[in-house]
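# Structure at a glance
Listed below, chain by chain, are the residues.
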Amino acid sequence: MSAPATVTWSAANARRMDRQFLRTPAKPGEAGPGEVVGAMLGAQAQVSSAAELSVGLRMDGATRHDVRDALWGEEPSLVKTYGPRGTIHFLPTAELPLWTGALSAIPGGPSPFKAADRLTPDQTEEIVRAIGDALDGARLTIDELSDEVVARTGPWAGDLVLPAFQGMWPRWRSVMHLAGHRGVLSFAPNRGRKVTYTRPPTAGEPPLDAEVATGRLVRRFLYAYGPATPREYAKWAAAPGAWADGVFASLAAEGDIEEVRLEGEPGSWVTAGDTEFPEFPDELVPGVRLLPYFDAYVIASHPRARLFPGRAYERALAGGQAGNFPVLLIDGVVAGVWHQRRSGRSVTVTVEPLSPLSASQERDLAGQAERVGEVLEGRAELVVGEVTVGAHA
């Protein structure tokens, strides 16, 4: 058996950015929102505008209208539902059987709720069925869905036992993310200011077999974000570490994945045969990028200390958790944070670099801010610290 290939972090990072459409945005006709989100392995969407920006920045000339049309148009290529880590995501409609099969197979962790407030396995299944039945051909607000679930199960499902932001939620809501993972719940267009839910557009197509889907999702993750360790995959998927270790061991035994040495260290993996990396990675990702809250690339990429070097580790991470700050990338690594404020069509993009920018970096940054404004269908003004660098029509 030959020794594992050695990969530098720079080469790995460069390949990730290339496969994420962060080196070169997808040209019209090359990849639509569904394909782009598929390459990202989902766009985290607790903040929908951030997810729209994540996707739009990866597509040449796209705006948030294009992303919304992919979600809510006549032939949706995206669905908004519960994805990895039980968080709200945009996922490709065509890939829902993969996602529902794989996410449903991840073992759950310990319940955060008191024993008396938890659901039994039978109650959980009853509620998931009730959610799917209630949403079949319907678009319901959370209150309407709650009434339907309680009517189909019993008053116990509506007991207000779950701590919420300003009060208590009914017991059945503890499995909403599971209903999404099972493929019977997704988000629908808002009704005024109220969120609504429905069954996803491919609800009639069953999930993939759990073992097949699990292996396929690991290989997809390694293609997008590898080399990666089992524990890095577990963190991304919110899966038990020991379970991820077993999945990787099984895939390795089947020859589906192979080990490489990242910066000389063993224990990282790529999809079998996928060992071609850029020879000159610094030439692949030069320049400046702006990524919004919860961007998939930032959340899934490891090691954290390499992507967030030096002061960036303290400034742009929240206790080691990526995604809580929009980030400035320079030459492929985090080099600052930024935020945007909108007033009418005006979008002020304020960037806080961790070190002074060169003239060429300022020009790149001005172009990135302009692109942010275009995706948000507004007019961008870039501010670095207290200095206005430029305004863009």
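In the block above lies the structure referred to throughout.
Worth saying up front: this structure is predicted, and the values here are computed from it rather than measured. (Residues numbered from 1 in each chain as written. Predicted model: local features only at pLDDT ≥ 70, side-chain atom pairs only at ≥ 80, totals over all residues. Heavy atoms only, no water.)

Time to look at the nonpolar core. Membership of the largest hydrophobic core comes to 71 residues, with the highest contact counts inside it found for Leu 145, Trp 172, Leu 185, Phe 221, Tyr 233 and Trp 236. With 7 residues, the top contributor of residues to this core is helix α9 (residues 210-225). Filtering out sequence-adjacent residues up to four positions away, Phe 221 remains in contact with Leu 41, Gly 226, Ala 228, Glu 232, Tyr 233, Trp 236 and Ala 300. Core analysis: the second largest hydrophobic core is formed by 20 residues, Val 288, Trp 338, Val 347 and Leu 376 among them. (Core = buried A, V, L, I, M, F, W, Y, C linked by side-chain atoms within 4.5 Å. Buried < 20%, exposed > 50% of the residue type's maximum accessible area, 1.4 Å probe, protein only. Helix = DSSP H or I, 4+ residues; strand = E, 2+ residues; numbered from the N terminus. Contact = heavy atoms within 4.5 Å.)

Let us look at the side chain of Thr 153. For Thr 153, the position within the fold is in the loop between α7 (142-152) and β6 (160-164). Residue classification places Thr 153 among the buried residues on the basis of a relative accessible area of 16%. In this structure the side chain of Thr 153 is engaged in a polar contact, spanning 2.7 Å, whose partner is the backbone oxygen of Val 149. Ignoring anything within four residues of it in the chain, the contact list for Thr 153 reads Glu 126, Ile 127 and Ala 130. (Polar contact = N/O pair within 3.5 Å; in protein donor to acceptor, adjacent residues only side chain to side chain.)

Looking now at helix α10 (residues 230-237). Across the 8 residues that make up α10, a large majority, 6, are buried. Looking at the buried side of α10, the elements it contacts are α5 (96-105), α9, α11 (241-253), β11 (265-271) and α12 (296-300). With its phi angle positive at about 55°, Ala 238 sits one or two positions after the end of α10.

With that settled, consider unusual backbone geometry. Between Gly 226 and Pro 227 the backbone carries a cis peptide bond, its omega angle lying at 0°. With respect to the helices, strands and loops of the structure, Pro 227 is situated in the loop between α9 and α10. Between His 302 and the following residue, Pro 303, the backbone shows a cis peptide bond with an omega angle of -5°. As for its position among the elements, Pro 303 is in the loop between α12 and α13 (304-307). A positive phi angle is found at Glu 377, which is not glycine, with a value near 60°. Take Glu 377: it is sitting in the loop between α15 (359-375) and β16 (379-384).

As a further point, take the sheet that holds strand β4 (residues 88-92). The 3 strands lie next to each other as β2-β4-β3, forming an open sheet whose pairing is antiparallel. Edge positions in the sheet fall to β2 (43-44) and β3 (78-82), since each of these pairs with one other strand and no more. In the sheet, β3 pairs with β4 via 5 bridges, with the strands oriented antiparallel. In the strand pairing of β4, Tyr 82 is matched with Ile 88. With respect to the sheet, helix α2 (residues 33-40) is in contact with β2, β3 and β4, its orientation differing from that of β4 by roughly 120°. (Pairing = 2+ DSSP bridges. Axes fitted to C-alpha atoms, helices over the stretch in contact; angles between N-to-C directions.)

Across all of its chains, the model carries 10 aromatic pairs by this definition. Relative to Tyr 225, the ring of Phe 221 has its centre 5.6 Å away and its plane inclined at 45°; by these criteria the two rings are tilted. With Phe 221 and Tyr 225 both in helix α9 and 4 residues apart, this pair spans about one turn of that helix. For Phe 221, a relative accessible area of 0% corresponds to the buried category. Note on Tyr 225: relative accessible area 1%, which makes it buried. Taken together, the aromatic side chains of Trp 99, Phe 221, Tyr 225, Tyr 233, Trp 236 and Phe 248 make up a single cluster linked through ring pairs. The positively charged end of Arg 15 is found above the aromatic ring belonging to Phe 277, 3.8 Å away from the centroid. (Phe/Tyr/Trp six-rings, centres within 6.5 Å; stacked < 30°, edge-to-face > 60°. Lys NZ or Arg CZ within 6 Å of the ring centre and 35° of its normal.)

A sheet is described by the order of its strands in space; here 3 strands give the open sequence β1-β10-β11, paired in mixed fashion. Both edges of this open sheet fall to β1 (5-7) and β11, since each of them pairs with a single strand only. The sheet shows a mean angle of 50° between the axes of neighbouring strands, taken without regard to direction. Contacts from helix α1 (residues 9-19) reach β1, β10 (257-262) and β11, with the element oriented near 75° to β1.

Quick look at the pattern of salt bridges now. Under the counting rule described, the total for this entry stands at 17 salt bridges. Between Arg 306 and Glu 263 there is a salt bridge, with its nearest N and O atoms 3.6 Å apart. Pair noted here: Arg 306 is in helix α13 and Glu 263 is in the loop between β10 and β11, with a separation of 43 residues, a long-range link. Since its relative accessible area comes to 36%, Arg 306 is described here as partly exposed. Among the residues examined, Glu 263 registers a relative accessible area of 41% and is labelled partly exposed. Three or more residues joined by partner-sharing salt bridges are found here, namely Arg 15, Arg 19 and Asp 274. (Salt bridge = Lys/Arg side-chain N within 4 Å of Asp/Glu carboxyl O.)

What follows concerns the packing of α9 against α11. If you want to describe how two helices pack, look at the angle between their axes and the distance between the axes. Running from N to C, α9 and α11 point in directions that differ by 90°, and their axes come no closer than 11 Å. Relative to α11, the element α9 lies roughly perpendicular. Here Thr 214, Gly 215, Val 218, Arg 219 and Leu 222 of α9 come into contact with α11, specifically with Trp 243, Val 247, Phe 248 and Leu 251. Residue composition of the contact of α9 with α11, grouped by class: 6 nonpolar, 2 polar and 1 charged. (Parallel < 35°, antiparallel > 145°, perpendicular 65-115°, else oblique. Nonpolar A, V, L, I, M, F, W, Y, C, P; charged D, E, K, R; others polar.)

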